Amino acid sequence: MLDTKKIHKFNLNDKNIVLDINSGAVHVVDDIVYEIIDYYEDTSLENTVELFKGRYSEDDIYEAYKEIQLLEKKELLFTESMDLSNINYNSQNVIKAMCLHVAHDCNLRCKYCFASQGDFKGKRLLMPLEVGKKALDFIVTHSGNRRNLEVDFFGGEPLMNFEVVKELVKYGRQIEKIYNKHFRFTITTNGVLLDDEKMKFINENMDNVVLSLDGRKEVNDRMRGTVSGGGSYDVIVPKFIQMVNLRKDKDYFIRGTFTRNNLDFTEDALEFYKLGFKKISIEPVVADPKEDYAIKEEDLETILKEYERFSREYIKIKKKDKDFTFFHFMIDLNQGPCIIKRAVGCGAGSEYVAVTPEGDLYPCHQFVGNEDFKLGNIFDGILNDTIRDTFKKANVLNKEECSNCWARFYCSGGCHANAYNTNKDILKPYKIGCEIEKKRIECAISILANLDN
């Protein structure tokens, strides 16, 4: 399918914004440019003047037209799409990131857990130290010339295997010196087992920590229950507050989840901020439509309006407190990664893999347990080249729904797991997720427009 759309425009938070899709250039424009730009490619200057002279002066129309013309000349508007047909993504099969499942067990019983309350539909297992060491050896020897490597200690609940986590960090520091690598360690935890010793170790050794807390007490406890059936909010919030205070300027995220039961997730974000959490993320649940908490297409209008509402609140807070950040409102208008990277996305199944306690390799944590997506293991390497090649080719150039979407170089085609879980095809994006992501991008750009001095 040919790319026929070159710009995307929208009005949000009192700003007229025009995005040049292929270059990534973003323009905040006045009303006259915002209107004229729709006619620019197909209408001459003379006809444009005739079309708008009843609303604007001829001088203003002429100036606006020339402004658009200049931006086009500078290749900042109406740019043509690049030929990426010969894209050769990760030809050396370099692996740069790993999700290390040190525990397939959990001390919470979250209703929406994609990992089946921590066991990934299998046995409840803890990763042996030797398997973890072999996994770190694996990423080091498959990382090519890349120096910085990302390893996330994941579960289940990784603190249930904390002694192994500590030993793996120690081992990682040893081998990174030998191979001239640097591990950036992250740990994702529900916080139940946090204590002074664990907090000290995490703050000294983890580059990032992800703390799972859904939102307000009633929201969190409805979905994130303990094994005994009680709520987890009162147990974990004091620990998270202590942890964040100890981290000071080190990275962390409080990660929430919204379901059909809390579509007013702005209130959860504001509650996080009141508690002192300034780095937050709130993700939409992706669940079987039969579940009463599952988000449905009929909820989209409410959700999109809620993102707009949150963006307004976010601007208010951000003007007073620059340290407040929401993961999905963090956007790089300087384009950051190259066009190829923006086309292929997260790298799951190619640059990024997940490792089970037994040492099996999967494209990412959300595919763990599905034997159809097993790549191999850390002892024998990648054995299923077909799966790896399928994921390497799962980019916006090969996804029909993405080929003419204005957001394709921001979302990179969306989450493969969400696509598969909803459509049984990693090349067919999750529709609800697409609409949410597009709104988040618009909000993020409008926020920057309002905060730009």
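Residues numbered from 1 in each chain as written. Predicted model: local features only at pLDDT ≥ 70, side-chain atom pairs only at ≥ 80, totals over all residues. Heavy atoms only, no water.

This part covers the sheet that holds strand β12 (residues 253-258). Taken together, the 11 strands give an open sheet; going across it, the order is β14-β13-β12-β10-β9-β8-β4-β15-β16-β17-β18, and neighbouring strands pair in mixed fashion. Because the sheet does not close on itself, it has two edges, and the strands there are β14 (325-326) and β18 (381-382). Where helix α5 (residues 162-179) meets the sheet, its contacts fall on β4 (97-101), β8 (148-154) and β9 (182-189), and the angle it forms with β9 comes to roughly 165 degrees. (Pairing = 2+ DSSP bridges. Helix = DSSP H or I, 4+ residues; strand = E, 2+ residues; numbered from the N terminus. Contact = heavy atoms within 4.5 Å. Axes fitted to C-alpha atoms, helices over the stretch in contact; angles between N-to-C directions.)

Turning our attention to the packing of aromatic side chains. Evaluated as defined, the whole model comprises 23 aromatic pairs. With a centroid separation of 5.4 Å and an interplanar angle of 25 degrees, the aromatic rings of F153 and F185 are classed as stacked. Pair noted here: F153 is in strand β8 and F185 is in strand β9, with a separation of 32 residues, a long-range link. Classification of F153 by relative accessible area gives buried; the value is 0%. F185 sits in the buried class, given a relative accessible area of 0%. (Phe/Tyr/Trp six-rings, centres within 6.5 Å; stacked < 30°, edge-to-face > 60°. Buried < 20%, exposed > 50% of the residue type's maximum accessible area, 1.4 Å probe, protein only.)

This paragraph deals with a negative patch on the surface. On the surface, a cluster of negative charge is made up of D30, D31, E58, D59, D60, E63 and E67. For the negative patch, the leading source of residues is helix α3 (residues 58-73), giving 5 residues. Considering the arrangement of structural elements, one finds D60 in helix α3. The class for D60 is partly exposed, based on a relative accessible area of 39%. (Patch = residues over 30% accessible without salt bridge, like charges linked within 9 Å, V, L, I, M, F, W, Y side chains within 5 Å. Areas by Shrake-Rupley, 256 points an atom, 1.4 Å probe, with all protein chains shown as cover. Salt bridge = Lys/Arg side-chain N within 4 Å of Asp/Glu carboxyl O. Lys, Arg positive; Asp, Glu negative; His and termini not counted. Charge placed at Lys NZ, Arg CZ, Asp CG, Glu CD.)

Counted according to the given criterion, the structure contains 37 salt bridges. Close ionic contact of K316 with E313 constitutes a salt bridge, the shortest N to O distance being 3.6 Å. Here the residue K316 and the residue E313 both occupy positions in helix α10 (residues 300-320), the gap between them amounting to 3 residues, near one helical turn. Owing to a relative accessible area of 24%, E313 belongs among the partly exposed residues under this scheme. Two residues, D385 and R388, come together in a salt bridge whose shortest N-O distance is 2.8 Å. With D385 and R388 both in helix α12 (residues 385-392) and 3 residues apart, the pair spans about one turn of that helix.

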